[in-house]
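Spelled out from the first residue to the last, the chains are:
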Amino acid sequence: MAVMTILQAVNDALRTEMRLNDKIVVLGEDVGKLGGVFRATDGLQKEFGEERVVDTPLSETGIIGSAIGMALYGLHPVPEIQFMDFIYPAFDQIVNELAKFRYRSGGQYPCPVTIRTPYGGGIRGGHYHSQSGETHFAHTPGLKVVIPSTPYDTKGLLIASMRDEDPVMFMEPKRIYRSAKGEVPEGAYTVPIGKAAVPREGTDVSVFAYGSMIPVCLEAAKHADGKGTSVEVVDLRSLVPLDIKAVLASAEKTGRAVIVYEAPRTCGYGAEISALIAEHAMLSMKAPIMRVTGFDTPFPYALEDLYMPNPDRVYRAIEHVMSF
Amino acid sequence: MTTQEIRMVQVVSEDGRVDEAQEPKLTKQQVFTLYQTLIRLRTFEARMMNLQRSGRIGFYGGSVGQEATATGSAFALEKQDWVFPQYREPGAALIRGISMETLLYQFMSTAKDIGKGRQMPVHYGDRAVNYVTISSVVASQIPHAAGGGWAMRLRKDNAVALVYFGDGATSTVDFHAGLNLAGVFKAATVFWCNNNQFAISVPREKQTASKTLAEKALAYGFEGLQCDGQDIFAVYAAAKYAVDKARRGEGPTMVESLTYRVGPHSSSDDPTRYRSDVEVDTWRKRDTLERVRHYLRHKGWYDESEDARLHKLAEEEVTRAIEAAEHAGPPSWETMLEDVFAEMTPLQQMQHDDLAAYLKWKEARA
Amino acid sequence: MVSVQFVDKDIVQVINEDGTAQRHLEPKMTHQEHLRLFRTMLLVRATDSKAMNLQRSGRIGFYVPSFGQEACQVGSASVLKPEDWVAPAYREPGAALVRGYPVKLLIAQCYGNKADAQKGRQMPSHYGSAATNFITASSPVGTQIVYATGVAWAMKIRKDPRVALVYFGDGATSEVDFHVGLNFGGVFRVPCIYFCNNNGWAISVPREKQTASPTIAGKAAAYGIEGARCDGNDVLAVVQVTKQAAHHARAGGGPTLIEALTYRMGPHSSSDDPTRYRSAEELEAWKKKDPIERYRRFLEKQGIVTAKDVKDLEADVTKEVEDAVAQVEGQAAVAPESMFEDVYAELPYHLRLQRDALLGERKAGAMVEYEQAEGKFPL
């Protein structure tokens, strides 16, 4: 056991699995010699060589498109997109090819690619280093979307992704890359994709979130606890496939739901959670289903702290649903 | 098989020899404008790095070592022309007349920033001088410039679009799309590649297998040439040639300016991890200011006291700008939902109102 | 001053229009191999003709014919080994057929019924075959260039002595994936053949409007790779040029961009009407350069086939296609449940919910039967 950050857990997962599976190839911009702009792939090129850890030309389309080809041929590539904000040139390859290959070929051409990309705000990155585009991918059938919030989950989910036959968008919450610390076992282990976690149990209100918002919600829950409200926090971990049972179980248990996501409000992933609870657990609800979200604007630089959901705003929503 | 020559423009060599056949027509006044801008730029950037280290600005990405390539090329433009920058051309911004205050207001995210504090430092723009607002995305400005230059030719505006990008950008999809379109439609666009040998840590040789970057223009049916990016006179000459050609309606040109990124990619980068000091020092010796001094001495125009005076003026200018920015306040919370659309949508209005209510709620608890 | 060499005007041609050949340029082939090529070209023509008929009479919904481009597809793919991979655009039935893909499966994909290996998921002309290493096509133009580069790259990493060949048209060279695929291919020196079927048209946009570059092969220099041009209506020229490219790739020399000059004698697809944008004279001029005709003249002059042999072969392939249609047409439609399969390796919970909901609705008769939309697909 060692105490690690999320970044270290990413590195450990890659190193561990690359030793076990020689079909894994890591590729992306600055991932080799530099070890990645966040050092996520630090030391990997030294251990596994330039053929398995590749510095590519500046082209997201090329990175993802080549990865698809490698996967068709039988490798398991793990491409990195340096910031999720820059994934858009590759969007065509992801949506039209990666997500649809298995389906369109009648199962003949599975496409096991694990795309790693840091997402989200909180690092003073402005418009182009802070975006949360998980909904674009959740809205594309054929892709799995995984977002961890702890080092333990990071390593386990990343290894699970590298063992998955389907394409996985592994989105890393870069705001807590270094601040989230926790115990991580040595060697290979997996955390199942498609299963939520409950880092805090409670009885009065369910708060649903993922990624960088988990510490924010835990903070709000702690504050609420001090005021006599028992809050349960559910960490979704997988957006696709979603652990619907866990979501509904919690909503039915407490009867009050607050959904938190930092992405722009309209059509954010939490809107789906809200719809699911409304469809399947409406009669158990004691209050309207509330969302605490980013605004429908590009991600602002100076007003970043106001834009992102903070413990205060989450607590305000908890207070609101408790008032019914 | 056909052989094509990619010519290389150089006026002042590294050891100070001046090729009078390639010398561009510049008055003494113009030469000193160029020289002074380089001094202002170098002074400015040194102070910005300090500001970042001391936490007074959050981030900086500079052009140390490659000052000439943007400054000299922008100088070839006229008022009605447009600049489409990447994010590493403050020399071009200064030549176009953007003040240091304007830059610092943006770097410090103040209420006086044209962009209202919305973007991280070095992502500025100023419509008044046709300097298009920067985004972080590499190369996205290239198709914009192709379209702009195309429109300029269609409307017979006598204007030209000049777009900057690096060596890494030539691998992107936007490069291909932009240049191909410009070639087909004979857009009045100059494609200016600042080949500073690095895309963060990835060296030029790993970017593409072609011998030069300039030759990629041939794939789009137009001319490509190279210039010594450390020689501001070569830069100016190459730019003037391409800009004049576009203005005459003869279509686009690509210029590959050979230079070097002496500094890091940005204040978040540590280049010692991927390149040697020896290489950096070699290029440091190809100093852009020193190259101009060779020319000044050649012309008998160099004066040490004038040099010192210009440096002092520059320091004062930077200091004034920093002070102005540090005294301007932050942007108001009300700007959050503005400018997404021309008018706020009903859903946005709800969010705006909810934000106001939240701030009241927070105040009440305090 | 840097010198750049690029492919300009030289076009490789072996068979002259009258059927005589430049013997020294002829690739070494046995009579059997010639017959195999010729028969396959006839089979492509027969398949395309039949499929267009099926579409016009409403028996299938759509089709992408490749009239006039038989030499390009069949000649190039015939050079490859079974273990090599092919990535099509969507206009290369000949490349699949020459590698052993059964006509029956091609026709089945057009019907999209139970006989279709793709379970009726895509519109006609979008098939694939892992058994013959023929990657399933998609509609977006040019995307295959990048993943074919990836396949070739993987072959190199695994040290397999294989090559990947990817097809695309003149229009695709403007696409971003062309740039990226060839650039990566050049940087990583992958064993990939980039085969451009320059058929003169991207739906209604002629080649000259696509790019200002004088040739397509000339773009190779921009990526530091080899380039070659050939007469795409001369099957032996196509064979020759592809052979060289394959040899070069297998020897570790990296990729080649081949530009095959040909002509799209038919429409872009069954939804297109080319009379709206091109002249009858142009079409007539190119009909005279029909690749099948040219090859037939060559084979007759060489004494490899007689006029009777040709008639027999034509009848044979027509029968093969008719038999395929007969076997496929009557088969049942795909089951609704199959809609939810193959999205992922395993059916996830949320899809199971959706599937059960759909089946439940159908059972309860709650769902109104959906009427087939009026009119045909616009392209």
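For every chain, the first residue of its written sequence is number 1, and the numbers climb from 1 along that sequence. As a convention, the first chain written is A and the first ligand written is 1, with the rest following in written order. Reporting in this predicted model follows two pLDDT cut-offs: at least 70 for local features of residues, and 80 or more for side-chain atom pairs to be given and counted; totals over whole chains, interfaces and linings ignore these cut-offs and use all residues. To get the side-chain values, take all heavy atoms of the structure and skip hydrogens and water.

Q: Talk me through the overall build of chain C; I want residue IDs and the actual numbers.
A: Secondary structure elements are defined from DSSP: runs of H or I of at least 4 residues count as helices, runs of E of at least 2 residues count as strands, and each element is numbered from the N terminus. Counting its regular elements, chain C contains 11 helices and eight strands. On the principal axes, the C-alpha backbone points of chain C span a range of 75 × 55 × 40 Å. Exposure classes here rest on a 1.4 Å probe applied to the protein chains alone. A residue is buried below 20% of its type maximum, exposed above 50%, and partly exposed in between. Looking at chain C residue by residue over its 379 residues, the buried ones come to 59%. We call two residues in contact whenever any of their non-hydrogen atoms come within 4.5 Å of each other. Pairs at least 24 apart in sequence give 74% of the contacts found in chain C among residues at least 6 apart. For chain C, the accessible area works out to roughly 15,300 Å², and carbon and sulfur atoms hold 53% of it. Working definition of accessibility: Shrake-Rupley area with a 1.4 Å probe, residue cover restricted to the visible protein chains.

Q: Got a sec to walk through the overall build of chain A? Specific residues and values, please.
A: Scanning chain A from terminus to terminus reveals 12 helices and 14 strands. Against the globule reference of 20 Å for 324 residues, chain A gives a C-alpha radius of gyration of 19 Å, in line with a compact fold. Across its three principal directions, the C-alpha atoms of chain A cover 60 × 40 × 40 Å. Looking at chain A as a whole, 68% of its 324 residues qualify as buried. In this setup the radius of gyration rests on C-alpha atoms only. A globule is expected at 2.2 Å times the number of residues raised to 0.38.

Q: I'd love a proper account of the interface of chain B and chain C, names of residues and values included.
A: The accessible area lost on association of the parts is a frequent measure of interface size. Listed as interface residues are 32 residues of chain B and, on the opposing side, 29 residues of chain C. What gets called buried area is simply the loss in accessible area from a 1.4 Å probe that two parts show on being joined, summed for both. Each partner contributes to the roughly 2,600 Å² buried at the junction of chain B and chain C, and carbon and sulfur atoms together form 55% of this total. Here a salt bridge means any side-chain nitrogen of Lys or Arg lying within 4 Å of a carboxyl oxygen belonging to Asp or Glu. Taken together, chain B and chain C are joined by zero salt bridges. Here a polar contact is recorded for every N or O atom pair within 3.5 Å, except that within protein the pair must consist of a potential hydrogen donor and a potential acceptor, and residues adjacent in sequence are included only if both atoms are side-chain atoms. At the surface where chain B touches chain C, the tally comes to 19 residue pairs in polar contact (both at pLDDT 80 or more).

Q: Please provide a residue-by-residue account of the pairing of strand β7 (residues 226–231) of chain C, values included.
A: Residues and elements named next belong to chain C. Across the six residues that make up β7, a large majority, five, are buried. One ladder, built from six bridges, connects β7 with strand β8 (residues 256–261); its direction is parallel. By the bridge assignment, Arg229 is partnered in β8 with Glu259. Tracing the backbone out of β7, into helix α7 (residues 235–250) and back to the parallel element β8 gives a crossover that is right-handed. Between any two strands, pairing holds if DSSP finds at least two bridges. Here, the term right-handed applies to a crossover whose path from the first strand over the helix to the second runs clockwise when the strands point away from the viewer.

Q: Lay out the interface of chain A and chain C with the relevant residues and their values.
A: Taken together, the contact pairs 44 residues of chain A with 47 residues of chain C. Regarding the contact of chain A and chain C, the summed buried area is about 3,700 Å², with carbon and sulfur atoms giving 66% of it. The largest share of the area that chain A buries against chain C comes from Tyr73(A), Tyr103(A) and Arg104(A), three residues that together contribute 22% of it. Taken together, the connections running from chain A to chain C amount to two salt bridges. In this structure, Glu51(A) engages Lys159(C) in a salt bridge whose closest nitrogen and oxygen atoms are separated by 4.0 Å. At the boundary of chain A with chain C, the tally comes to 20 residue pairs in polar contact (both at pLDDT 80 or more). Residue assignment for the side of chain A that touches chain C shows that the elements contributing at least two residues are β2 (24–28), β3 (53–55), α3 (60–73), α4 (91–98), α5 (101–104) and α9 (244–254) of chain A.

Q: Tell me about empty space enclosed by the protein, and name the residues and values.
A: Here the idea is plain: a probe the size of a water molecule rolls over the atoms and shows the empty space left. A cavity here means a set of 1 Å grid points, computed over protein atoms only, where a 1.4 Å probe fits but cannot escape. A pocket is an open set with protein on both sides within 12 Å along at least 5 of 7 lines, and lining residues have an atom within 4 Å of a point. Grid points are joined across faces, edges and corners, and a volume is the space filled by probe spheres set on the points. Applying the stated rule across the entire model yields three cavities of 30 Å³ or more. Within this model, the largest cavity holds a volume of roughly 60 Å³. Contributing to the lining of the largest cavity are Leu98(A), Ala99(A), Phe101(A), Arg102(A), Tyr103(A), Pro110(A), Cys111(A), Gly142(A), Glu165(A), Asp166(A), Pro167(A) and Val343(C). Top contributing element to the lining of the largest cavity by residue count: α5(A), with three residues.

Q: Mind laying out the pattern of salt bridges, listing which residues take part and the relevant values?
A: One side chain can pair with another of opposite charge once the charged atoms of both are near each other. For the structure shown, the criterion picks out 69 salt bridges over all chains. For Arg309(B), the salt bridge identified is with Glu306(B), shortest N-O distance 3.2 Å. Taken as a pair, Arg309(B) and Glu306(B) lie in helix α10 (residues 304–327) at a separation of three residues, close to a single helical turn. The class for Glu306(B) is partly exposed, based on a relative accessible area of 26%. Asp342(C) is the partner of Arg121(C) in a salt bridge, and the nearest nitrogen-oxygen pair spans 2.7 Å. Of this pair, Arg121(C) sits in the loop between α4 (103–111) and α5 (143–157) while Asp342(C) is found in the loop between α10 (307–329) and α11 (349–363), placing the two residues 221 residues apart along the sequence. The two residues Arg121(C) and Asp342(C) agree in class, both being buried.

Q: Tell me what's going on with the domain arrangement of chain A, and back it up with residues and numbers.
A: Residue and element names in this part refer to chain A. In this entry, domain limits derive from an automatic or database-based domain assignment. Assigned domains within chain A: domain 1 (2–184) and domain 2 (197–322). Distance between the C-alpha centres of domain 1 and domain 2: 26 Å. Taken together, the two surfaces of domain 1 and domain 2 that pack against each other cover about 2,100 Å², and 53% of this comes from carbon and sulfur. Per-residue buried area on domain 1 facing domain 2 is highest for Arg124, Ile147 and Arg175; these three make up 25% of the total on that side. The interface formed by domain 1 and domain 2 includes three salt bridges. Note that Arg237 and Asp153 form a salt bridge whose closest N and O atoms lie 2.9 Å from each other. At the junction of domain 1 with domain 2, the criterion picks out 12 residue pairs in polar contact (both at pLDDT 80 or more). Sorting the residues of the side of domain 1 that touches domain 2 by element identifies α6 (134–138), β6 (144–146) and α7 (151–162) as the ones contributing at least two each.

Q: Before we move on, could you go through the environment of Arg56(B) and cite the residues and values that matter?
A: Residues and elements named next belong to chain B. Relative to the helices and strands, Arg56 resides in the loop between α1 (28–53) and α2 (67–74). Beyond its immediate stretch of four places on either side in the chain, Arg56 contacts Leu51, Met108, Ile322 and Glu326. At 2.9 Å, the side chain of Arg56 and the side chain of Glu326 are in polar contact.

Q: Tell me what's going on with the sheet that holds strand β9 (residues 197–200) of chain A, and back it up with residues and numbers.
A: Residue and element names in this part refer to chain A. The strand order across the open sheet formed by five strands is β9-β11-β10-β13-β14, and the pairing between neighbours is mixed. The open sheet has two edge strands, β9 and β14 (290–294), and neither has a second partner. Ignoring strand direction, the axes of neighbouring strands in this sheet form an average angle of 25°. In this analysis, axes come from line fits to C-alpha atoms, helices being fitted only over the stretch in contact, and the angle between any two N-to-C directions falls in the range 0 to 180 degrees. Against the sheet, α9 makes contact with β10 (205–209) and β11 (231–235), and its axis sits at roughly 155° relative to β10, the strand it touches most. Contacts from helix α12 (residues 311–322) reach β10, β11, β13 (257–264) and β14 within the one sheet, and its direction differs from that of β14 by about 165°.

Q: I'd like to hear about the nonpolar core, residue by residue, with values.
A: Nonpolar cores were defined as sets of buried Ala, Val, Leu, Ile, Met, Phe, Trp, Tyr and Cys residues, with membership established by side-chain atoms within 4.5 Å. In terms of nonpolar packing, the biggest core is built from 116 residues, with Leu72(A), Ile277(A), Phe191(B) and Tyr194(C) touching the most fellow members. Sequence-distant contacts of Ile277(A), defined by excluding residues within four places in its chain, comprise Phe208(A), Val247(A), Leu248(A), Ala251(A), Ala257(A), Met282(A), Met285(A) and Ile289(A).

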